[in-house]
Each structure stands twice: as C-alpha cells, then as structure tokens.
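In case you want the letters, here they are:
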Amino acid sequence: EATLDSIRRSTKDVGTSEMTQASFTVSNSSISLPAGNLGLAFGLEYRGEEISNTPDAQSIAGEIFNSGSRSEVKGDRDIYAVYGEAVAPLLDDLTMTLAVRHEDYSDFGQTTNPKIGFRWQPNDWFLARANWGTGFRAPGMMELYLDDAVAFNQYRDYTRCAQYDAATASGVNDGTEQDSYCFSGYNQTNFGSNPDLNPEESESMSVGMVFSPTDTMTVSFDLWDIEI
C-alpha cells in the first residue's frame with residue numbers, strides 16, 4: 001500500500017468551450033400568387049466559437065501514465081451567415097421551395113449552399129416530394145485544436161485463451177481465471193485532433209411518396225442519395 005501511495009497522483013485539467021450566437025429573421029406571406037400566397041424569409045446570423053484546454057502541470061511534464069492532453073491548446077472561429085427561403089405555390093396542388101445560405105468562416109473561407117424542393121399533393125391520400133441541395137460542414141473545434149492523448153486499451157489474446165481452454169477442457173469463460181489469460185495485453189492508442197483537416201462538402205438528392213389510405217394508416221417510401 002505504501003508503494004501504491006507513493007506513485008498515486010491527483011491531477012486537474014481545466015477545459016472550456018464557449019459559443020456566442022445572435023440571429024435576426026424576418027418573414028412575410030402577404031404576397032399573393034394565383035395559386036396562393038408566397039412565403040418569404042430572410043435572416044442574418046453570427047456565431048462565435050472558442051475552445052481551450054489547460055492540462056495539469058504533471059501531465060504536461062509527462063509524469064502521468066495513461067494521461068490525456070499534455071500541452072495547453074486554444075482555438076477560436078467566427079462565422080457570419082446570410083440566408084433566405086421562398087415557398088411558392090405553383091399550382092393548387094404543387095409547391096416549390098427555394099433556399100440558399102451563404103457563410104463566411106474566419107478559418108475556412110466562404111461557402112454558398114442552395115436547396116430546391118417540390119411537393120405535389122393532388123388529393124388527401126397521396127403526396128409526392130423531391131429535394132436537392134448541397135451542404136458544408138467545417139471540422140469541429142475539438143477535431144482541430146485539442147492536444148494528442150494516450151490510452152491503453154485491453155485486447156483479447158486468442159492464442160492464450162485457446163491454450164487455457166485446451167488445458168482445462170472447459171471452453172467456458174468463468175469470468176475469473178480465464179479472463180487473466182484471454183484479456184492479458186494492452187495496446188497503446190494515441191488519438192487527438194488534426195489542424196490540417198479540411199471541410200466536408202456534400203450534395204444530396206431525395207424523392208419520396210406518402211400514402212394515407214385511411215385516417216389511421218400511413219405508408220411512406222423514400223430514397224436518398226448523399227455524396228460527401
């Protein structure tokens with residue numbers, strides 16, 4: 001016990017993650033079209049993200065076995081966005097949706113992503129819909145800025161486990177002695193962030209149909225095609 005006490009340590013990491021967001025949206029549906037009113041929406045948005053992590057001094061010095069982060073890290077970004085959407089009734093039973101979003105990232109530049117969709121409902125029991133659009137995802141703050149960490153994961157030693165089964169003729173894991181043979185090793189795993197990550201861009205299409213033969217029954221079929 002005295003030996004264990006001599007190598008035990010208490011550590012304290014201090015990590016913070018902050019997000020500040022402000023948005024402004026206006027909408028209007030008073031513009032009349034032959035098949036109904038035109039719905040319009042417009043918005044502005046700001047989002048600020050910040051992350052920081054200060055490990056324990058002993059971890060920074062490399063004195064802690066199986067420790068997490070070993071150096072102080074910080075990261076931040078600002079994102080400005082403008083977006084708009086229009087819902088236009090083309091016919092009494094056909095509606096079109098148009099949307100676009102433009103974003104300006106302080107760390108990944110600008111991106112514009114549109115979307116178009118159609119909804120056709122000729123009666124109460126059938127609906128058809130289709131959509132196409134593009135997407136953009138910047139790497140998360142933890143994916144970009146957190147320091148490397150080390151872990152030691154236990155693994156199953158199949159050779160030793162088979163030898164134990166053959167020697168004891170049990171073939172059953174009794175949860176005690178056999179565990180010391182089957183799970184007798186550790187792999188060191190290093191994991192962490194990557195500051196060289198690029199954003200993910202996507203293009204997606206979907207089509208679907210909805211059948212409602214009765215008031216209490218609905219059946220739908222949807223097909224998605226997403227490229228990332």
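Higher on the page you've got the structure.
Fair warning: this is a prediction, and the values are worked out from it, not measured in the lab.

**Comments concerning the overall build of the protein**
Turning to step 1, where the next piece is worked out: Along the backbone of the protein there are 5 helices and 10 strands.
Turning to step 2, where the next piece is worked out: The buried share of the protein, taken over its 228 residues, is 24%.
Turning to step 3, where the next piece is worked out: Here the analysis covers contacts within the protein between residues at least 6 apart in sequence; of these, 60% occur between residues at least 24 apart.
Turning to step 4, where the next piece is worked out: Accessible surface for the protein amounts to roughly 15,400 Å². Of this, 53% is attributable to carbon and sulfur atoms.
Turning to step 5, where the next piece is worked out: For the protein, the distance from the average position of its 14 positive side-chain charges to the average position of its 35 negative side-chain charges is 4 Å.

**Let's talk about the pairing of strand 1 (residues 14-33)**
Turning to step 1, where the next piece is worked out: As defined by bridge partners, strand 1 adjoins strand 2 (residues 36-54) across 18 bridges and the pair is classed as antiparallel. When the bridges of strand 2 are listed, glutamate 18 appears paired with glutamate 50.
Turning to step 2, where the next piece is worked out: The antiparallel hairpin formed by strand 1 and strand 2 contains 2 residues in its connecting segment.

**Remarks on the packing of aromatic side chains**
Turning to step 1, where the next piece is worked out: On inspection of all chains with the given rule, the structure shows 6 aromatic pairs.
Turning to step 2, where the next piece is worked out: Between the aromatic rings of tyrosine 46 and tyrosine 80, the centroid separation amounts to 5.1 Å while the plane-to-plane angle is 45°, which identifies the pairing as tilted. Taken as a pair, tyrosine 46 in strand 2 and tyrosine 80 in strand 3 (residues 73-91) lie far apart in primary sequence, 34 residues in all.
Turning to step 3, where the next piece is worked out: Residues phenylalanine 126 and phenylalanine 211 carry aromatic rings whose centres are separated by 5.3 Å and whose planes lie at 50° to one another, so their mutual orientation is tilted. Of this pair, phenylalanine 126 sits in strand 6 (residues 126-137) while phenylalanine 211 sits in strand 9 (residues 200-214); the two residues are 85 residues apart in sequence, bridging distant segments of the chain.

**Regarding the pairing of strand 2**
Turning to step 1, where the next piece is worked out: Pairing between strand 2 and strand 3: 15 bridges, direction antiparallel. Along strand 3, the bridge assignment pairs glutamate 49 with arginine 77.

**Things to note about the sheet that holds strand 10 (residues 217-227)**
Sheet strands pair by backbone hydrogen bonding; their relative direction is either parallel or antiparallel.
Turning to step 1, where the next piece is worked out: Read from one edge to the other, the open sheet built from 8 strands follows the order 1-2-3-4-5-6-9-10, with strand pairing classed as antiparallel. Each edge of the sheet is formed by a strand with only one pairing partner; in this case those strands are strand 1 and strand 10. Strand-to-strand twist in this sheet, taken as the mean axis angle between neighbours without regard to direction, amounts to 10°.
Turning to step 2, where the next piece is worked out: Examined bridge by bridge, strand 6 and strand 9 share 12 bridges and lie antiparallel to one another. Counted as the bridge partner of alanine 130 is valine 207 from strand 9.

**With respect to the environment of serine 206**
Turning to step 1, where the next piece is worked out: Tracing the backbone shows serine 206 in strand 9.
Turning to step 2, where the next piece is worked out: The exposure class of serine 206 is buried, given its relative accessible area of 17%.
Turning to step 3, where the next piece is worked out: Through-space distance from the C-alpha of serine 206 to that of leucine 40 is 23 Å; in sequence the pair is 166 residues apart.
Turning to step 4, where the next piece is worked out: Aside from chain neighbours lying at most four places away, what touches serine 206 is Arg129, Ala130, Asn131, Leu223 and Trp224.

**Overview of the side chain of glutamine 58**
Turning to step 1, where the next piece is worked out: Within the element layout of this structure, glutamine 58 appears in helix 2 (residues 57-60).
Turning to step 2, where the next piece is worked out: Among the polar contacts listed, one links the side chain of glutamine 58 to the backbone oxygen of serine 10, at a separation of 3.1 Å.
Turning to step 3, where the next piece is worked out: Not counting the four nearest positions on each side in its chain, glutamine 58 is found in contact with Arg9, Ser10, Thr11, Glu63 and Ile64.

Conventions adopted
Residues numbered from 1 in each chain as written. Predicted model: local features only at pLDDT ≥ 70, side-chain atom pairs only at ≥ 80, totals over all residues. Heavy atoms only, no water. Helix = DSSP H or I, 4+ residues; strand = E, 2+ residues; numbered from the N terminus. Buried < 20%, exposed > 50% of the residue type's maximum accessible area, 1.4 Å probe, protein only. Contact = heavy atoms within 4.5 Å. Areas by Shrake-Rupley, 256 points an atom, 1.4 Å probe, with all protein chains shown as cover. Lys, Arg positive; Asp, Glu negative; His and termini not counted. Charge placed at Lys NZ, Arg CZ, Asp CG, Glu CD. Pairing = 2+ DSSP bridges. Phe/Tyr/Trp six-rings, centres within 6.5 Å; stacked < 30°, edge-to-face > 60°. Axes fitted to C-alpha atoms, helices over the stretch in contact; angles between N-to-C directions. Polar contact = N/O pair within 3.5 Å; in protein donor to acceptor, adjacent residues only side chain to side chain.

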